[in-house]
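Next come the chains, spelled out residue by residue.
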Amino acid sequence: MKFLVNSMLGKLARLLRIFGYDTVYAEEVEKSAPDSRLLEYAIENDRIIITRDLPFHKRAKDRTIYVEGFDAYENLLKLEKKLGLTLTFSLNKARCSTCNSVLKKIDDKTTIVNDINPNTFQDHDEFYQCLNTRCNKIYWEGTHIEKIVKKLNEKA
Ligand SMILES: [Zn+2]
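Residues numbered from 1 in each chain as written. Predicted model: local features only at pLDDT ≥ 70, side-chain atom pairs only at ≥ 80, totals over all residues.

Describing the packing of helix 5 (residues 72-83) against helix 7 (residues 143-155)
Relative orientation of the contacting elements helix 5 and helix 7 amounts to 65 degrees, with a least axis distance of 10 Å. One element, helix 5, and the other, helix 7, form an angle in the roughly perpendicular class. For the crossing formed where helix 5 meets helix 7, the hand is right-handed. Note on element contacts: helix 7 touches helix 5 through Lys151, Leu152 and Lys155, opposite Tyr73, Glu74, Leu76 and Leu77. (Axes fitted to C-alpha atoms, helices over the stretch in contact; angles between N-to-C directions. Helix = DSSP H or I, 4+ residues; strand = E, 2+ residues; numbered from the N terminus. Parallel < 35°, antiparallel > 145°, perpendicular 65-115°, else oblique. Left-handed = near helix turned anticlockwise from the far one by under 90°. Contact = placed C-beta atoms within 7 Å.)

So, in structure tokens, the structure goes:
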């Protein structure tokens with residue numbers, strides 16, 4: 001299941017990526033892309049559009065999922081129910097929250113010693129890195145992820 005998340009739902013897009021779902025954000029398709037362009041892109045790339053735009057949803061019912069409100073966590077839980085998403089966090093299936101690329105496990109953490117905070121380096125043994133060479137963001141199971149998982153469990 002792959003997604004295209006409409007404008008104003010950027011946080012939801014990042015959460016979907018963190019939980020391992022291939023998700024493109026509307027602004028990444030094209031700046032201020034019209035609905036027709038998004039729809040075309042979603043059909044071409046076999047993506048489900050998640051939108052807050054009710055008229056758009058009504059025009060493209062079989063390709064869009066409508067979500068209300070701004071709470072990204074509540075919206076994510078709604079999608080879980082509607083689509084049967086699996087919201088278990090695991091770094092080896094997570095995608096980069098910034099660019100949606102896949103992550104690769106770092107075999108030898110000493111290779112990234114200069115790229116992260118010394119405390120983080122010391123406290124963790126497992127690191128992953130975004131494979132997109134223009135991004136290369138580094139991930140680990142730290143407090144940031146814990147907070148997300150906790151918040152989601154509180155809302156569930
Ligand atoms: Zn990335």
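Looking at helix 1 (residues 10-18)
Counted residue by residue, helix 1 has seven buried out of nine residues, so it is predominantly covered. Looking only at helix 1, the buried set comprises Leu12, Ala13, Arg14, Leu15, Leu16, Arg17 and Ile18. As for helix 1, its buried residues are in contact with strand 1 (3-5), strand 2 (23-25), strand 3 (48-51), helix 5 and helix 7. Trailing helix 1 by a residue or two, Gly20 shows a phi angle of about 95 degrees, which is positive. (Buried ≥ 20, exposed ≤ 12 C-beta atoms within 10 Å, placed from the backbone.)

Remarks on the sheet that holds strand 3
Taking strand neighbours across the sheet as the criterion, the four strands line up as 2-1-3-4 in an open arrangement whose pairing is parallel. On the outer flanks of this sheet lie strand 2 and strand 4 (64-66), each paired with one strand and no other. Strand-to-strand, the axes of this sheet are offset by a mean angle of 25 degrees, without reference to chain direction. Bridge count for strand 1 against strand 3 is three bridges, and the pairing is parallel. Bridge assignment links Val5 to a residue of strand 3, and that residue is Ile50. Sheet contacts for helix 1: strand 1, strand 2 and strand 3; angle to strand 2, the most-contacted strand, approximately 160 degrees. (Pairing = 2+ DSSP bridges.)

Points about the nonpolar core
Grouped together as the largest cluster of nonpolar side chains are 28 residues, with contacts concentrated most on Leu4, Val5, Leu12, Leu15, Leu16 and Ile50. With five residues, the single largest contributor to this core is helix 1. Two domains share this core, each providing at least three of its residues, namely domain 1 (3-83) and domain 2 (103-140). Here Leu12 is in contact with Val5, Ile50, Ala72, Asn75 and Leu76, once residues within four sequence places are set aside. (Core = buried A, V, L, I, M, F, W, Y, C linked by C-beta atoms within 7 Å. Domains from an automatic or database assignment.)

Things to note about the sheet that holds strand 6 (residues 128-130)
In spatial order, the strands read 5-6-7; together these three strands make up an open sheet with antiparallel pairing. Looking at the sheet topology across the chains shown, the edges are occupied by strand 5 (103-105) and strand 7 (138-139). Where strand 5 and strand 6 come together, three bridges link them in antiparallel fashion. In the sheet register, Leu103 faces strand 6, and the bridge partner there is Cys130.

A word on unusual backbone geometry
Its identity as a non-glycine residue notwithstanding, Asp46 has a phi of 55 degrees, on the positive side. Inspection of the secondary structure puts Asp46 in the loop between helix 3 (35-44) and strand 3. Even without being a glycine, Asn100 presents a positive backbone phi close to 75 degrees. Note that Asn100 resides in the loop between helix 5 and strand 5.

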